[in-house]
Amino acid sequence: MSKEKSFKFESAMEELELILQKLDSSEVNIDSLTVDLQRASELIEWCRSRLETTRVDVERIVADLDEN
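Along each chain, numbering runs from 1 in the same order as the chain's sequence is written. This being a predicted model, a pLDDT of at least 70 is required before a residue's local features are given, and a value of 80 or more before pairs of side-chain atoms are given or counted; all residues contribute to the totals for chains, interfaces and linings. Heavy atoms throughout the structure, all of them, feed into the side-chain values; hydrogens and water do not.

(A) Seen up close, the packing of helix H1 (residues 9–24) against helix H2 (residues 30–67). Fitting a line to C-alpha atoms yields each axis, with helices limited to the stretch in contact; the angle taken between N-to-C directions then spans 0 to 180 degrees. Runs of E in the DSSP output that reach at least two residues are strands. Runs of H or I that reach at least four are helices, and both are numbered from the N terminus. Closest axis-to-axis distance for the H1/H2 pair is 10 Å, and the angle between their directions is 150°. The angle between the axes of H1 and H2 places the two elements in the roughly antiparallel class. Here H1 runs over H2; the crossing is left-handed. Between H1 and H2, the contacting residues are Phe9, Ala12, Met13, Glu15, Leu16, Ile19, Lys22 and Leu23 on the first element and Leu33, Asp36, Leu37, Arg39, Ala40, Leu43, Ile44, Trp46, Cys47, Arg50 and Leu51 on the second. Each residue is assigned to one of three groups, with Ala, Val, Leu, Ile, Met, Phe, Trp, Tyr, Cys and Pro labelled nonpolar, Asp, Glu, Lys and Arg labelled charged, and all others, Gly among them, labelled polar. Tallied by class, the residues present in the contact of H1 with H2 amount to 14 nonpolar, no polar and five charged. Roughly parallel refers to an angle under 35 degrees, roughly antiparallel to one over 145, roughly perpendicular to one between 65 and 115, and oblique to any angle outside these ranges. Helix crossings get a hand from a simple test, with the near helix turned counterclockwise from the far one by less than a right angle marking a left-handed crossing and a clockwise turn marking a right-handed one. Any pair of residues with heavy atoms lying within 4.5 Å of one another is described as a contacting pair.

Set out below in structure tokens:
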């Protein structure tokens, strides 16, 4: 996912939702199951990283406000 610099959190969540819908359907495609699960894993990892980066940024901004 590092090559997707303009990738947005909302896009990742939408893609995860689509994968979940596919997996929840009664007609799971066994041939693409591994690919779908791998992609979901990558998206979850990317989202967690993005959330952590945002948390650190917000804490820094708030700390800067407190100093002023």
